[in-house]
Amino acid sequence: MVDSYVFRQMREEDIDQVLEVEHASFSMPWSREAFYNELYNNKFAVYIVLEEDDRIIGYCGTWVVIDEAHVTNVAILPGYRGKKLGEALMSKLMSVSREMGARTMTLEVRVTNHVAQSLYRKLGFQNGGIRKNYYSDNQEDALIMWVNL
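What you see is a predicted model; the values in this text were computed from it and never measured.

Draft legend 1. Spotlight on the nonpolar core. Counting 43 residues, the largest nonpolar core has Tyr59, Met90, Met105, Leu107, Tyr120 and Phe125 as its most contacted members. Counting residues per element, the ones that place at least two in this core are α1 (15-25), β2 (45-52), β3 (55-65), β4 (68-76), α3 (85-99), β5 (104-110), α4 (114-122) and β7 (142-148).

Written out as structure tokens, the structure reads:
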């Protein structure tokens, strides 16, 4: 049940565990430096971790610029997928973004990632266009999705 999990803002000491989630989730994972820079050098960045028993099992991030939130990444450890935790994490991110003044949220998702697209649609996101050759690992297109907060 989602109630047994803790959501909180990401801290520097979380980076090692976040990297575990990152490497288990993406073909082109972000580096330690990228996360450090997001936490300390990007005034627009907000990152949330999801914990169970003091272990980070998921995280997500966004950049809130004026009234728009741009999701940077969302990831859940493979063993925790299918338990509505991604939905809970995205809902939390949407709520935090709304509290920070965002009125809309956008993200890019691989055109082949139908599971993620289904989740985003469930949360109210709609298709907004295609970014050709967006992903550098295989030149896959990205579907741009938007939602009003």
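Still more ground to cover, so stick around.
Draft legend 2. The packing of α1 against helix α2 (residues 32-41), seen in detail. Between α1 and α2, the shortest axis-to-axis distance is 10 Å and the interhelical angle comes to 125°. Between α1 and α2, the angle is such that the two are oblique. Here α1 runs over α2; the crossing is right-handed. Taking contact as the criterion, the partners of Ile15, Asp16, Val18, Leu19 and Glu22 in α1 are, on α2, Arg32, Phe35, Tyr36 and Leu39. Grouping the amino acids of the contact of α1 with α2 by side-chain chemistry returns six nonpolar, no polar and three charged.

Draft legend 3. Highlighting the packing of aromatic side chains. Applying the stated criterion across every chain yields a total of seven aromatic pairs. Ring plane angle 45° and centroid distance 5.3 Å describe the contact between Trp30 and Phe35, whose orientation is recorded as tilted. A relative accessible area of 26% means that Trp30 is categorised as partly exposed. With a centroid separation of 6.4 Å and an interplanar angle of 80°, the aromatic rings of Phe35 and Tyr47 are classed as edge-to-face. Within this pair, whereas Phe35 is found in helix α2, its partner Tyr47 is found in strand β2, the two being separated by twelve residues in sequence. The exposure classification of Phe35 matches that of Tyr47, with both residues buried. Taken together, the ring pairs in this structure connect Trp30, Phe35, Tyr47 and Tyr59 into an aromatic cluster. It is Arg110 that lies over the ring of Tyr135; its NZ or CZ is 4.1 Å from the centre.

Draft legend 4. Fine view of α4. Ala116, Gln117, Leu119 and Tyr120 are the residues of α4 that are buried. Projection of α4 onto a plane perpendicular to its axis shows the buried side chains occupying an angular sector of 160°, all on one side. Among the exposed residues of α4, those oriented more than 90 degrees off its buried face are His114, Val115 and Lys122. If you follow the buried residues of α4, they end up packed against β4, α3, β5 and β7. Immediately beyond the C-terminal end of α4, within one or two residues, lies Gly124, with a positive phi of roughly 100°.

Draft legend 5. A look at a nonpolar patch on the surface. Residues Phe44, Trp63, Val65 and Ile66 make up a contiguous nonpolar surface patch of about 390 Å² in total accessible area. As for its position among the elements, Ile66 is in the loop between β3 and β4. A relative accessible area of 75% places Ile66 in the exposed class.

Draft legend 6. Molecular detail of the side chain of Glu22. Looking at the secondary structure, you find Glu22 in helix α1. Buried and unpaired, Glu22 has Arg81 as its nearest opposite-charge partner, separated by 9.3 Å. If sequence neighbours within four positions are ignored, Glu22 has contacts with Met28, Pro29, Trp30, Phe35, Tyr59 and Asn73.

Cut-off values and rules
- Residues numbered from 1 in each chain as written.
- Predicted model: local features only at pLDDT ≥ 70, side-chain atom pairs only at ≥ 80, totals over all residues.
- Heavy atoms only, no water.
- Core = buried A, V, L, I, M, F, W, Y, C linked by side-chain atoms within 4.5 Å.
- Buried < 20%, exposed > 50% of the residue type's maximum accessible area, 1.4 Å probe, protein only.
- Helix = DSSP H or I, 4+ residues; strand = E, 2+ residues; numbered from the N terminus.
- Axes fitted to C-alpha atoms, helices over the stretch in contact; angles between N-to-C directions.
- Parallel < 35°, antiparallel > 145°, perpendicular 65-115°, else oblique.
- Left-handed = near helix turned anticlockwise from the far one by under 90°.
- Contact = heavy atoms within 4.5 Å.
- Nonpolar A, V, L, I, M, F, W, Y, C, P; charged D, E, K, R; others polar.
- Phe/Tyr/Trp six-rings, centres within 6.5 Å; stacked < 30°, edge-to-face > 60°.
- Lys NZ or Arg CZ within 6 Å of the ring centre and 35° of its normal.
- Arc of directions from axis to C-beta.
- Patch = residues over 30% accessible without salt bridge, like charges linked within 9 Å, V, L, I, M, F, W, Y side chains within 5 Å.
- Areas by Shrake-Rupley, 256 points an atom, 1.4 Å probe, with all protein chains shown as cover.
- Salt bridge = Lys/Arg side-chain N within 4 Å of Asp/Glu carboxyl O.
- Lys, Arg positive; Asp, Glu negative; His and termini not counted.

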